[in-house]
Amino acid sequence: MTEQHHITLPEGSIEKQTTTLNVGPTHPATHGVFQNIMELDGERVVSTEQTVGYIHRAFEKLAERRPLYQVTPITDRLNYCSSPINNMGWHLTCEKLLGVETPKRVDYLRVIIMELARISDHLICNSIVGVDTGAYTGFLYVMQYRELIYEIYEEVCGSRLTTNIGRIGGFERNFTNTAFTKLEKFLKEYPKVLIEFEGLFARNRIFMERTIGGGAISAERALNYGFTGPNLRAAGVDYDVRVHSPYSSYEDFQFDIPVGKTGDNYDRFLVRNQEMWQSLNIIEQAYKKVQAFKGAEAEIYHADVPEYYLPKKEDVYTKMEALIWHFKIIMGEVDMPKGEVYKSVEGGNGELGFYLISDGGRTPFRLHFRRPCFIYYQAYPELIKGGMLSDAIVTMSSLNLIAGELDA
Amino acid sequence: MAIENQFIQTKLTEKFGDMVSNFEDSYGMLSFEAPKEQNLKVLQYLFDEPTLGFQFLTDLCAVNYPDDKGRELAVVYHLHNLAQNTRIRFKVFTGIENTDVYTASKLYAAADWMERETYDFYGVNFVGHHNLKRILNVDEMDYFPLRKEYPLEDQTRIDKDDEMFGRG
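None of the values given here were measured: they were computed from a predicted structure.

A. Spatial organisation of the overall build of chain A. A tally of regular secondary structure across chain A gives 17 helices and 6 strands. Over its C-alpha trace chain A gives a radius of gyration of 23 Å, about what one expects of a compact globule, namely 22 Å for 408 residues. Principal-axis analysis of the C-alpha atoms gives chain A an extent of 80 × 50 × 45 Å. Put simply, chain A has 408 residues, and 48% of those count as buried. In chain A, once contacts between residues fewer than 6 apart in sequence are set aside, the share between residues at least 24 apart is 71%.

In structure tokens form, the structure reads like this:
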């Protein structure tokens, strides 16, 4: 008991006028594994140093031994709030390399799924911003409508969060009638919810006071920092991959790109809200287009590329052709063409890019993911400098950082 | 709208002569390389020249080609002109013994972490970077894991103690 413990403090820590605060890696106020060592002057943030990599899983290395179709589950685990977008992005990358053309119906079905994923992603992000400003209601209330989206995924591919949805060339099976019924239900119920959700926040005095001016960034700095997605658009730059380099027939749809002005937390919130309306709009258009297919065309759910598209299991057991292709694909006898492709899609939080190098073998020679939040999280110290600690927390959630994507 | 690949190639050859080489149209995207000492000059030119204006750094990563002696590592920049909506790919190659490449982080704030990531996985030494240390891996790591000399574990090995994973 008499033994005294001497704690050696870092040199100068008594004299200095600021407080060092360690936030994270698992902190109740951060959603995901983020560590920040902040220097505080009272409650104001002087500087911060982020540590990332806590859930690094070496996806890029793993992908170098996996055939293309086995990389899809890896992409699920990047931005797990909108895994279908990642899956589709990966399929589109492979299709670009392999030269596969997908039929229009597949494109429209993909658009439906991707826009549903965007809604669920934005919904989480915006309601979490609400939670961090002290309003739990919105979050609790909208969760059951995200559930509707997850039920649609479940109906299409069988899983909910890490979806592994679709295949190279299309979907693993056609959408069932139940899937469409669920989609209709969602389209009918969701607008009311969104209006109510907006009513809770958008003109709420307390919410506005908390978010306006916090975490602001100018368009110029945002571009230099490599911002993409809603965060860039909130700063006033109308860059959207869906419009600039349309994929999956996005050029067939009419929609607006909402932009903000100041790039602060409030604008980011508004841009995401508006994007949800646009996504709903796109889904409605896509659903109409899907319904317009009649007869044999309405049964198409994948491209006719037997050398890359895994055949149906029933066919493998009963048809010679399907069995041969199944064997060839699974045993890796179908080689990829040599080449380098970069393909990007508009993910939930920005431009999600895939840089795939193939040396003609069975697996990628090199695969690099352009993960949007890894790139824009760099700007975090600049965004929160001089602001209050509690605003720093709101800024973090309004950036829509997803640890799985950040750390790959 | 988009800038023609041919135009970019002509502009670059006018400015840098033989130094820029290996022009290639890879799935519609212009790809070329330059000596590693020239990387900043090329990037700055692409940034400043009003008819090119590649001011957005989309992606920066490295690739390891173990069989290509003296050019084992490639640093790949994906650049984007947002206004004209044109993308290009720019590569510099470096040997694995001396991996010095000038940093682009002064030009693009986005390059800061991307270069740290590249250093972390491939050991490319970005000269002039203000804080070049590991980012995703642990600081104590003493190798560069994404290089091809470190293969993934053999999936068929049986000498592993599986008890820890509940498979014993």
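Here the narrative resumes.
B. Up close: the overall build of chain B. Within chain B one finds 3 helices and 7 strands. Along the chain direction, N to C, the helices and strands of chain B fall in the order α-β-β-α-β-β-β-β-α-β. The C-alpha extent of chain B, read off along each of the three principal axes, is 65 × 35 × 30 Å. By residue count, 39% of the 168 residues in chain B fall in the buried class.

C. Structural view of unusual backbone geometry. All names here are of chain A. Residue Ala 58 is not a glycine yet carries a positive backbone phi of 55°. Residues other than glycine seldom take positive phi values, yet Asn 164 does so here, at roughly 50°. Summarising the element assignment, Asn 164 is placed in the loop between α5 (136-157) and α6 (177-201). Looking at Asn 164, the number of C-beta atoms within 10 Å reads 18, which means it is partly exposed.

D. Structural detail: the nonpolar core. Ile112(A) and Ala62(B) are the most contacted members of the largest nonpolar core, which totals 146 residues. Take this core: its biggest share by element is 14 residues, from helix α4 (residues 104-132) of chain A. Excluding residues that lie within four positions of it along the chain, Ile112(A) makes contacts with Leu183(A), Ile283(A), Ala286(A) and Tyr287(A).

E. Summary view of the pairing of strand β3 (residues 56-64) of chain B. Residues and elements named next belong to chain B. Taking burial as the measure, the 9 residues of β3 include 9 buried ones, the bulk of the element. Judged from the 8 bridges that link them, β3 and strand β4 (residues 73-81) form a sheet pairing that is antiparallel. The residue bridging Leu 60 from the neighbouring strand is Tyr 77, located in β4.

F. The environment of His80(B), seen in detail. Residue and element names in this part refer to chain B. Inspection of the secondary structure assignment puts His 80 in strand β4. Counting along the chain gives 71 residues from His 80 to Gln 9, while the straight-line C-alpha distance between them is 15 Å. Those residues in contact with His 80, other than ones at most four positions away along the chain, are Phe 54, Phe 56, Thr 58 and Arg 87.

G. Spotlight on the sheet that holds β3(B). All names here are of chain B. Pairing in this open sheet of 5 strands is mixed, and the strands run β1-β2-β5-β4-β3 from one edge to the other. Each edge of the open sheet carries a strand with a single partner, namely β1 (21-26) and β3. For this sheet the average axis-to-axis angle between neighbouring strands, irrespective of direction, equals 20°. Here β4 runs beside strand β5 (residues 86-94); their pairing, made up of 9 bridges, is antiparallel. Each residue of the ladder has a partner; that of His 80, found in β5, is Arg 87. Sheet strands in contact with helix α1 (residues 5-16) are β1, β2 (29-34) and β5, and its direction is about 15° off that of β2.

H. View of the packing of α6(A) against helix α11 (residues 265-292) of chain A. Residues and elements named next belong to chain A. One way to put it is that α6 packs onto α11 with a least axis distance of 11 Å and a crossing angle of 165°. Between α6 and α11, the crossing angle belongs to the class labelled roughly antiparallel. Here α6 and α11 pass one another in a crossing that is left-handed. From α6, Leu 183, Leu 187, Tyr 190, Pro 191, Leu 194, Glu 198 and Phe 201 reach across to α11, where they touch Phe 269, Asn 273, Met 276, Trp 277, Leu 280, Ile 283, Glu 284 and Tyr 287. By residue class, the composition of the contact of α6 with α11 is 12 nonpolar, 1 polar and 2 charged.

I. Main features of the pairing of strand β2 (residues 35-41) of chain A. Residue and element names in this part refer to chain A. Inspection of the sheet shows strand β1 (residues 19-23) paired to β2 by 5 bridges, in the antiparallel sense. Across the sheet, the residue bridging to Asn 22 is Ile 37, located in β2. Alignment of β2 against strand β3 (residues 44-51), held across 7 bridges, turns out to be antiparallel. Bridge pairing in β3 links Leu 40 to Val 45.

J. Structural context of the interface of chain A and chain B. Every contact between the two is made by 28 residues of chain A and, on the other side, 26 residues of chain B. At the level of secondary structure, the elements contributing two or more residues to the side of chain A that touches chain B comprise α1 (59-63), α8 (219-224), β4 (339-346), β5 (351-358), β6 (366-370) and α14 (372-376) of chain A. In terms of residue count, the dominant contributor to the side of chain A that touches chain B is β4(A) (4 residues). Looking at the side of chain A that touches chain B, its residues break down into 11 nonpolar, 9 polar and 8 charged.

K. Main features of the packing of α11(A) against helix α16 (residues 389-398) of chain A. All names here are of chain A. At their nearest, the axes of α11 and α16 sit 10 Å apart, and the two run at 30° to each other. For the element pair α11 / α16, the angle class is roughly parallel. Our pair here, α11 against α16, has a crossing hand that is left-handed. Residues Asn 265, Arg 268 and Phe 269 of α11 lie in contact with α16, whose contacting residues are Val 394, Thr 395 and Ser 398. The class makeup of the residues in the contact of α11 with α16 is 2 nonpolar, 3 polar and 1 charged.

L. Just the sheet that holds β1(A), in detail. All names here are of chain A. In spatial order, the strands read β1-β2-β3; together these 3 strands make up an open sheet with antiparallel pairing. Bordering the open sheet on either side are β1 and β3, each of which pairs with just one other strand. With strand direction ignored, the average angle separating the axes of adjacent strands in the sheet is 20°.

M. Just helix α3 (residues 111-122) of chain B, in detail. Counted at 1.5 Å a residue, the expected span for α3(B) with its 12 residues is 16 Å, and the 16 Å between its end C-alpha atoms agrees. A large share of α3(B) lies buried, amounting to 12 of its 12 residues. Within α3(B), burial applies to Ala111(B), Asp112(B), Trp113(B), Met114(B), Glu115(B), Arg116(B), Glu117(B), Thr118(B), Tyr119(B), Asp120(B), Phe121(B) and Tyr122(B). Where α3(B) is buried, its residues touch α14 of chain A together with β3, β4 and β7 (125-127) of chain B. Positive phi appears at Gly123(B), one or two residues downstream of α3(B), with a value of about 70°.

N. Just the environment of Ser82(A), in detail. Tracing the chain through its elements places Ser82(A) in the loop between α2 (68-76) and α3 (83-98). Expressed as a C-alpha distance, the spacing of Ser82(A) and Ile113(A), which sit 31 residues apart in the sequence, is 9.8 Å.

O. A look at the confidence of the model for chain B. Looking at chain B as a whole, its pLDDT mean stands at 90, while 94% of the residues score no less than 70. The complex prediction reports pTM at 0.93, with the ipTM value standing at 0.92.

What counts, and where the lines are drawn
- What you see as residue numbers is a count from 1 along each chain, following the sequence as written.
- Chains and ligands are labelled by the order in which they are written, letters from A for the one and numbers from 1 for the other.
- Restriction of local features to residues with pLDDT of at least 70 applies here, the model being predicted, together with a cutoff of 80 or more for giving and counting side-chain atom pairs; totals for whole chains, interfaces and linings are based on all residues.
- By definition, any uninterrupted DSSP run of H or I lasting at least four residues is a helix, any uninterrupted run of E lasting at least two residues is a strand, and each is numbered from the N terminus.
- For the radius of gyration, the atoms used are the C-alpha atoms, and the globule rule reads 2.2 Å times the number of residues raised to 0.38.
- Exposed residues have 12 or fewer other C-beta atoms within 10 Å of their own C-beta, buried residues have 20 or more, and partly exposed residues fall in between, where C-beta atoms are placed from the backbone.
- The contact criterion used is a C-beta to C-beta distance within 7 Å, with each C-beta placed from the backbone.
- The nonpolar core criterion groups buried Ala, Val, Leu, Ile, Met, Phe, Trp, Tyr and Cys residues into a set whenever they are joined through C-beta atoms within 7 Å.
- The pairing criterion is simple: DSSP has to find at least two bridges between the two strands.
- For helices, the fitted axis covers only the stretch in contact; all axes are lines through C-alpha atoms, and the angles between them, taken along N-to-C directions, range from 0 to 180 degrees.
- Roughly parallel means an angle under 35 degrees; roughly antiparallel means over 145; roughly perpendicular covers 65 to 115; every other angle is labelled oblique.
- Should the near helix be turned anticlockwise from the far one by less than a right angle, the crossing is termed left-handed; should it be turned clockwise, right-handed.
- When residues are sorted by character, Ala, Val, Leu, Ile, Met, Phe, Trp, Tyr, Cys and Pro go into the nonpolar class, Asp, Glu, Lys and Arg into the charged class, and all the rest, Gly among them, into the polar class.
- Residue count minus one, scaled by 1.5 Å, sets the expected span of a helix.
- Per-residue confidence from the predictor is given as pLDDT, running between 0 and 100.

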